[in-house]
Amino acid sequence: MTATKKNRGPSWVANAIFYEVYPQSFLDTNGDGIGDLPGVIAKLDYIRSLGCDAIWLNPCFESPFGDAGYDVSDFYKVAPRYGTNADLKRLFKEAHKRGLRVCLDLVAGHTSTEHPWFKQSAKVAKNKLTHRYVWTDSVWQGAGLPAISGFSERDGAYVTNFFHFQPALNYGFAKPDPKKPWQLPVEHPDCLATREEMKNIMRYWLDAGADGFRVDMASSLVKDDTDFKETMGLWADMRAMYDSEYPEAVLIAEWSDPARAIAAGFHIDFLIHFNDPAYTSLFRSEPERVLFRFFENIPPSFFDSKGQGDIRVFLDYYLKHYRKTRGAGHISIPTGNHDIMRLAEGRTMDELKVAFTFLLTMPGVPYIYCGDEIGMRYVSGLISKEGGYNRTGSRTPMQWSSGKNAGFSTAKAKDLYLPIDPTKNRPTVETQETDPESLLNHLRLLSKLRRKHPALGGDGDFEPLYAEKNYYPFIYRRTLGAETIVVAVNPSAQAVSADIRPGKLSPNPMSLFSHGSTLKRTKSGWKITMAGISFGIFKFDAQ
Ligand code: GLC
Ligand code: CA
């Protein structure tokens, strides 16, 4: 069964707010300098206090950590540095007690070269796992895909999915080349066996209490699948398993092509820095474009006080995908993640508040990357850790307090997973807790509003009211039933105003939460006047 309007999956998803926990950097409870699962458990009340009701936990399974755990060597075992399987089950239980759900990270496309499957597959003698990975049949033959030759006595090169130690699991080729018999069709029993194995891994953790999976590189499974038809078929099959066995669990894609991912069966897809500059054009600052080489030829970010961005770069792509997925699944625009520069890079707290106002009032499912809620900075100049390279600066430890190591760990500073942001006035949870004007409390207000007003949630309709090429502000309407809410954001430092016609609405709108913006009735509608770096959330009731 594929996703249809009738079958949207679990109803809790539409109004969920997720928090991404990067376990190694979150809270260390045993003084070894690395965050751990008991640390996540200790902070569940904090996560709940943000208004979040779901967690995405980055990979916590056994791994040589060449890519920070995205190189799994045992999918059924928690990495000892994070704790035990019993700790993970305790996390599920403690989270559920507090009304929080916990989703794990499924690295479905590859494993570590240390995985016993791969070691078995690398043997010369034919065995059950010979085809578990994509191998060519000669070390001298190019695979037409990134591949490594000379790994073992087996004559052939293995295809990689990411770094050299992340061999691609074999789900087959969309159109196998008859001249290359090592390219197996998707329905080959050995490719189907890989698929079944992934299902079993999901079943194992869902049975243990997990609430779903975020799927790493979800579009990468079937090879040479230019139109993604076979990849989509594969996920439809996975989704069918969810629908029949785990109807309350959620399937989240790292695909960044919502129209495809949701048609394939995912409940949520992230709109991030892949495939199109839409997400990049919102937030990604100039240093990031240079450092990460993302879409170098796009206009400056829209959420930038210089005011030179273009909301249409985002909106044209977003609307196309929104219309195609409406009623079938959700697009998530995250505050950031462990792979990109921190949202705080190049932004003041006031600018971050405007960005958060947008993120928490858009349709879909908001995701807050741990630390973004206090405006943690990107720490530049760090030596790469566990395959982080320039991503390392977004993975530094959480800054809880003014205590030792910012309250993250009691270890010696040199033994920490990564150094703490050395900046003198680095933000901490402790100081922001007591400041009603802090970013942390701004987020709490926004998540409360989102919960109180279903029009702002995942199911509310979305319609732009003012979104002009190269102009500010950006104004949109969210509607559900009799409730209409108008949101206006002006990330630029310039004062601006805009005329809007939100339809037939009551003459007395109420400001739910605003800063520097006012609304005045005109002959034909309303005029919103906005100071530089301001926002406004106004509620209208139907007449
Ligand atoms: C995803 C992860 C990233 C990882 C890569 C390879 O993009 O988010 O951290 O390095 O996949 O698994
Ligand atoms: Ca620890």
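Note that the coordinates shown come from a computational prediction; the quantities given were computed from them, not determined experimentally. (Residues numbered from 1 in each chain as written. Chains lettered and ligands numbered in written order. Predicted model: local features only at pLDDT ≥ 70, side-chain atom pairs only at ≥ 80, totals over all residues. Heavy atoms only, no water.)

A.B. asks: How should I be thinking about the layout of surface pockets in this particular structure?
C.D. replies: If a probe as big as a water molecule is rolled over the atoms, it shows which places are left empty. By volume, the largest pocket amounts to about 630 Å³. Together, 34 residues line the largest pocket, and Asn161, Phe162, Met217, Glu254 and Phe274 are the ones closest to its centre. Taken together, the residues that form the lining of the largest pocket break down as 12 nonpolar, 12 polar and 10 charged. No fewer than three residues from each of domain 1 (13-109 + 192-450) and domain 2 (110-170) sit in the lining of the largest pocket. The space that makes up the second largest pocket amounts to roughly 210 Å³. Residue lining of the second largest pocket: 15 residues in total, with Lys126, Thr130, His131, Asp137 and Arg154 positioned closest to the centre. (1 Å grid on protein atoms, 1.4 Å probe; cavity = no way out; pocket = protein on both sides within 12 Å on 5 of 7 lines; lining within 4 Å. Points joined across faces, edges and corners; volume = space filled by probe spheres on them. Nonpolar A, V, L, I, M, F, W, Y, C, P; charged D, E, K, R; others polar. Domains from an automatic or database assignment.)

A.B. asks: Any chance you could explain the coordination of the calcium ion (ligand 2) here in plain terms?
C.D. replies: For a metal with four tetrahedral donors the ideal donor-metal-donor angle is 109.5 degrees, while six octahedral donors give ideal angles of 90 or 180 degrees. Coordination sphere of the calcium ion (ligand 2), protein contribution only: Asp28 (OD), Asn30 (OD1), Asp32 (OD), Ile34 (O) and Asp36 (OD), at 2.3 to 2.4 Å. Residue class for Asp28 comes out buried when judged on its relative accessible area of 7%. (Donors = N, O, S within 2.8 Å, 3.2 Å for Na, K, Ca; no water. Buried < 20%, exposed > 50% of the residue type's maximum accessible area, 1.4 Å probe, protein only.)

A.B. asks: Got a minute to help me understand the confidence of the model for the protein in this structure?
C.D. replies: Residues shown with low pLDDT carry predicted positions that ought not to be read at fine detail. With 98% of its residues at a pLDDT of 70 or more, the protein shows a mean pLDDT of 95. Within the protein, no element has a lower average pLDDT than helix H9 (residues 286-292), which sits at 72, and none a higher one than helix H1 (residues 37-42), at 99. Scored below 50 in pLDDT, residues 1-5 shows 15 contacts in the model against residues more than four places distant or in partner chains. (pLDDT = per-residue confidence, 0-100. Helix = DSSP H or I, 4+ residues; strand = E, 2+ residues; numbered from the N terminus. Contact = heavy atoms within 4.5 Å.)

A.B. asks: What exactly am I supposed to notice about the packing of aromatic side chains here?
C.D. replies: Two numbers describe a pair of aromatic rings. These are the distance of the centres and the angle of the planes. Applying the stated rule across the entire model yields 44 aromatic pairs. Each ring, one from Phe283 and one from Phe303, has its centre 5.1 Å from the other, and the planes form 35°; the classification is tilted. Pair noted here: Phe283 is in helix H8 (residues 278-283) and Phe303 is in the loop between H9 and helix H10 (311-325), with a separation of 20 residues, a long-range link. Assigned by exposure class, Phe283 and Phe303 land together as buried. Pairing Phe474 with Tyr476 gives two aromatic rings, centres 4.9 Å apart and planes at 40°, and the pair type is tilted. Side by side, Phe474 and Tyr476 carry an identical accessibility label, which is buried. Above the face of the Phe65 ring, Arg81 is positioned so that its terminal group lies 3.5 Å from the ring centre. A cation over an aromatic ring shows up here: Arg132 above the ring of Trp117, its NZ or CZ 4.8 Å from the ring centre. (Phe/Tyr/Trp six-rings, centres within 6.5 Å; stacked < 30°, edge-to-face > 60°. Lys NZ or Arg CZ within 6 Å of the ring centre and 35° of its normal.)

A.B. asks: What is the right way to look at the sheet that holds strand S10 (residues 268-270) in this model?
C.D. replies: Hydrogen bonds between backbone groups are what pair the strands of a sheet, and the pairing can be parallel or antiparallel. Strand order in this open sheet of 8 strands is S11-S10-S9-S8-S5-S2-S1-S12, and the pairing throughout is parallel. The two strands at the open ends of the sheet, each matched to only one other strand, are strand S11 (330-332) and strand S12 (367-369). Neighbouring strand axes in the sheet, compared pairwise and without regard to direction, differ in orientation by 25° on average. Against the sheet, helix H6 (residues 229-245) touches strand S8 (212-215) and strand S9 (250-253), its axis set at about 155° to S9. (Pairing = 2+ DSSP bridges. Axes fitted to C-alpha atoms, helices over the stretch in contact; angles between N-to-C directions.)

A.B. asks: Could you clarify how one ought to interpret the side chain of Thr392 in this entry?
C.D. replies: By secondary structure assignment, the location of Thr392 is in the loop between S12 and helix H12 (429-433). For Thr392, a relative accessible area of 1% puts it in the buried group. At 2.7 Å, the side chain of Thr392 forms a polar contact with the backbone oxygen of Tyr389. Sequence-distant contacts of Thr392, that is, excluding residues within four places in its chain, are made with Leu382, Ile383, Ser384, Lys385 and Leu418. (Polar contact = N/O pair within 3.5 Å; in protein donor to acceptor, adjacent residues only side chain to side chain.)

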